[in-house]
There are 2 protein chains.
Amino acid sequence: MRINGRGQKAPNLTKLLGNKPIIIVSNRGPAEFMQDETGDIVSRRGGGGLVTAMTAISEATHATWISTAMTDLERSMAKKGVLIGFPEENPLYNVRLVDIPKNVYDLYYNTISNPLLWFIHHYIWDLCNTPSFTEETHRAWEDGYIAANKLFAEAAARESLKLKNPIIMLQDYHLFLAASYIRELTNEPFLFHFTHIPWPEPDYMSILPTKVRLQVLKGMLANDIVGFQSRHYAGNFLLCCEALLGTQVNWRKKSVMWQKREVYVRTYPISIDHENLHKISESEKVQKYERLLLDENKGMSLVVRTDRSDPSKNIVRGFIAYDVLLTRHPKLKGKVKFLALLYPTRESIKEYKKYRREIETTVKDINERHGTEDWQPIHLRMKDDYPESVAALKHYDILLVNPIFDGMNLVAKEGPAVNRKDGVLILSENAGASSELGNSSIIVNPFDIEDTASALYRALTMPMHERQARAANLREVVEQNDSLKWLHYQLKDIMGLERRRMLEGV
Amino acid sequence: MRINGRGQKAPNLTKLLGNKPIIIVSNRGPAEFMQDETGDIVSRRGGGGLVTAMTAISEATHATWISTAMTDLERSMAKKGVLIGFPEENPLYNVRLVDIPKNVYDLYYNTISNPLLWFIHHYIWDLCNTPSFTEETHRAWEDGYIAANKLFAEAAARESLKLKNPIIMLQDYHLFLAASYIRELTNEPFLFHFTHIPWPEPDYMSILPTKVRLQVLKGMLANDIVGFQSRHYAGNFLLCCEALLGTQVNWRKKSVMWQKREVYVRTYPISIDHENLHKISESEKVQKYERLLLDENKGMSLVVRTDRSDPSKNIVRGFIAYDVLLTRHPKLKGKVKFLALLYPTRESIKEYKKYRREIETTVKDINERHGTEDWQPIHLRMKDDYPESVAALKHYDILLVNPIFDGMNLVAKEGPAVNRKDGVLILSENAGASSELGNSSIIVNPFDIEDTASALYRALTMPMHERQARAANLREVVEQNDSLKWLHYQLKDIMGLERRRMLEGV
């Protein structure tokens, strides 16, 4: 398999890394593989913030990317142990699929990762009623989450043994335990874990069964460095180590001593792949949607949101705030439109199904109460169509990003990067992005309808010179950082620590 | 009005206080006043942990106790400005009622204190759906909570000006702002606030509207000392000051510099009034219930819980764990009974009404599935009958105290103090009481049904010598502390700080 010369995309990274190889491990990989009519295996790129960022990184560093085999075809590819060069037309990195038995995957993904851990990390349990940990939960932890993490760890250790002192970069809440199992198999690689979602404070973390929360924290501390989206979430992790594990935290160094190793806790706010986003935003598909959008909404101020229909995104309260706005300022009727471009998600989880119904009922109610023959206050789309979302991002007057809690929220960065109207960003104080973008956006408390309604009104009536100044600031902040820089900071810390350890003979 | 010589009940306190007068301010006072058939005003003692503890303290220190006028009769007494000696037959302290207009009280109590603040402090919002802060919430904050706190502050300041450098002891989450308003009116008194409920971590506290959470923290920091039930909750408060107010915390001294004053954050675990509890437990009423109880449950192991039917008490998960126990160990059927003696509470709040229905449905379901002709697995009583609860506490084999989060939970102390059967205490790790009683009880994660079911089985099958050892330890810990000692520690800190300030000429 031919892999092009390293570092063409990012010469700085090559200089930094020298010959050090990189292994990325994440639940979802860069692509889905399928057979075409002739029986040939073809692939389709996946989406989402993690995949977009890690693809840029894999290409730049010629990494090996380990991820789950999702289909029968992929499982058979995994069993054969093939290493797939990617992208096919011009391979820049390798993909290795892990065969996780269906029942294990189901417990790991659909019982533990997405409902349990995701809800804990976003503070969205209704604690009087949920969660309740039963024998089934404990079994799903053992036979699902632990088992899957061991399979990922074995695959990573196997890859690692073929290479010389690689860096293993574990991704997100699916892999909290992988580092500890890798360490049992080989002590060679540098272990790095990045959490893309929020990290909760100790009282909320302590909801997890006692054994589970201890294993999660110990699993994290098996890494050499653990990374978070913001200083706040890094601080929450350190508080958890102190409160739940009883370890001593060095707050000045932001490190924890654990089993005679010093584990460093660092902050790397993720960003977007500008080049790729720019390419998409100029594509024919997006332009077609733009023409439609502008044609349908002539003279209308556009409030836009685009999210997975995840309860943590706080979609319903956004609509209610818009409802208050229209009630309070009836002159706005017919002059503003709310485009909610949502992607259906995790519909097998009952809270998600309920939330989707809640979204639809709320929209219907608001449209019925405020709508007229020629004007519909909210346009709701429930479909995964990224080009249409990008078209809307280019033309928003207001971008509403009001999650309850959110690791980063990349829409808050994509919007300002492509928007052509000096639109205003309304941003939840609990999105990780608020620490970088807070100064130039309107910050809201996501639970405060009144606050959000006022922010909508303020944004709609903001003088153009203020919009321009804010939009320019947002663009500047977003452009200063991209996903390669995000990786650069991680690798700089990794290489710095390796060098220091070598000098100290650790 | 004749008040007996000070300090007969607690000579140590008198020595400590010298002539320093004490003013207690709390939402609920020590008694309800009513007219008997002849038109004379008579009173009936109130209940609850706060009132019980503060009554002992008021009697011992001859305090003035300021609380709300709850009825038309009490409001007219408040308007006349009468100071009521109490208890009537042998006055030991004074009660001053504050006239809070009904509509103000309703907003302060039924919109802000009980649903909003209580839910925040116990982590029991369902964040995807509740709370939503609307114009009404903001108005209730201004016209209810702030207004009521000002009225309490005015009453306290008026009392204070009549006395020489009094100590004002503000109680609980109803009065987070009172100190700041008292400080505007007079700088004379020493201001002390005690929070009886948990204090949440910053991310959860930040759910409150921005203005509200800042006012709460600033209101608390208008005190000279703020007290909490456990080191954990005191730590959470300090974290909130740091994260939400941006103040610098001195973690070694556990203090915060605020407006050129040093505010001390201290821990005083509340306890019970042993003397009073002992008296009640020997009363004829209790003995009558005991005879009934023993007669009805001959040879039966008794699992007891007694709580307000508050969602934070986690009553449903307790039943579900018992259900798992019976399913897993069918031999226990007919040999064990669960007595759930609950007090209806706050039934105007929809979450409480829903929770009560949930309790009733769960009990019905379990009784139907496991019950036989001669045996009902759960006996549920929904009635405020303290003597019956005390009778049950005297005879439990297991006392289940599994709140989601709880400031202290006095049942966990009352039980071991009166129990005659060396019963086992199963205690939530999130009850404040767990830091004192954790070693001798079985600690459970309240969200973990499996853990709780195992704890029930372990307790039911525990060898008698282990039960005896644990029960003896629990009794010892509980007896070492009582509500007067709780006050003693507070006053010691207050007087120490006063003395230091005098020496330093602050």
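Details of the structure are given in the entry above.
Described below are features of the structure shown in this document. (Residues numbered from 1 in each chain as written. Chains lettered and ligands numbered in written order. Predicted model: local features only at pLDDT ≥ 70, side-chain atom pairs only at ≥ 80, totals over all residues.)

**Some thoughts on the overall build of chain A**
Okay, step 1: Tallying secondary structure elements over chain A gives 19 helices and 18 strands in all.
Okay, step 2: For 506 residues, the compact-globule estimate of 2.2 N^0.38 gives 23 Å, and chain A sits close to it at 23 Å.
Okay, step 3: Taken over the C-alpha atoms alone, chain A extends approximately 70 × 50 × 45 Å along its principal axes.
Okay, step 4: Going through the 506 residues of chain A one by one, you find that 52% of them count as buried.
Okay, step 5: Considering only residue pairs separated by 6 or more positions, chain A has 77% of its internal contacts joining residues 24 or more positions apart. (Helix = DSSP H or I, 4+ residues; strand = E, 2+ residues; numbered from the N terminus. Rg over C-alpha atoms; globule rule 2.2 N^0.38 Å. Buried ≥ 20, exposed ≤ 12 C-beta atoms within 10 Å, placed from the backbone. Contact = placed C-beta atoms within 7 Å.)

**With respect to the relation of the copies chain B and chain A**
Okay, step 1: In screw terms, the move from chain B to chain A is a rotation of 180° and a rise of 0.0 Å along the axis, fitting with an RMSD of 0.0 Å. Here the two chains are linked by the operation of a two-fold rotation axis. Nearest to the rotation axis, the C-alpha of Asp126(B) is located 2.0 Å from it, this being the minimum over chain B.
Okay, step 2: Most of the interface of chain B is mirrored in chain A, where 100% of its interface residues again form contacts. (Least-squares fit on C-alpha atoms with pLDDT ≥ 70 in both.)

**Examining the interface of chain B and chain A**
Okay, step 1: Taken residue by residue, the interface counts 28 residues in chain B and 28 residues in chain A.
Okay, step 2: Of all the elements in the fold, those that place two or more residues in the side of chain B that touches chain A are α5 (135–162), α7 (202–205), α12 (315–328) and α17 (449–460) of chain B.
Okay, step 3: Counting residues per element, the side of chain B that touches chain A draws most heavily on α17(B), at 3 residues.
Okay, step 4: Looking at the side of chain B that touches chain A residue by residue, the classes come out as 15 nonpolar, 5 polar and 8 charged. (Nonpolar A, V, L, I, M, F, W, Y, C, P; charged D, E, K, R; others polar.)

**A look at unusual backbone geometry**
Residue and element names in this part refer to chain A.
Okay, step 1: The amide bond that connects phenylalanine 86 to the next residue, proline 87, takes the cis arrangement and shows omega of -15°.
Okay, step 2: Mapping proline 87 onto the fold places it in the loop between β5 (83–86) and β6 (93–98).
Okay, step 3: Unusually for a residue other than glycine, aspartate 172 sits at a positive phi of about 75°.
Okay, step 4: By secondary structure assignment, the location of aspartate 172 is in the loop between β7 (167–171) and α6 (178–185).
Okay, step 5: Classification of aspartate 172 as buried rests on a count of 20 C-beta atoms within 10 Å.

**What to know about α5(B)**
Okay, step 1: Taking 1.5 Å of rise per residue, 28 residues should cover 40 Å, and α5(B) covers 40 Å from first to last C-alpha, within 8% of that figure.
Okay, step 2: The sharpest bend along α5(B) reaches about 30° and sits at Trp141(B). (Expected span 1.5 Å × (residues − 1). Bend = angle between axes of the 7 residues up to and from the residue.)

**As for the pairing of strand β8 (residues 190–194) of chain A**
Residue and element names in this part refer to chain A.
Okay, step 1: For β8, the buried fraction is high: 5 of the 5 residues fall into the buried class.
Okay, step 2: A two-sided burial pattern is seen for β8, the buried positions comprising Phe190, Phe192 and Phe194 on one face and Leu191 and His193 on the other.
Okay, step 3: With 5 bridges connecting them, β7 and β8 associate as parallel partners. Note on β8: the bridge partner recorded for isoleucine 167 is phenylalanine 190.
Okay, step 4: Crossover handedness for the path β7 to α6 to β8: right-handed. (Pairing = 2+ DSSP bridges. Right-handed = clockwise from strand over helix to strand, strands pointing away.)

None of the figures reported here should be taken as evidence of function without further support.
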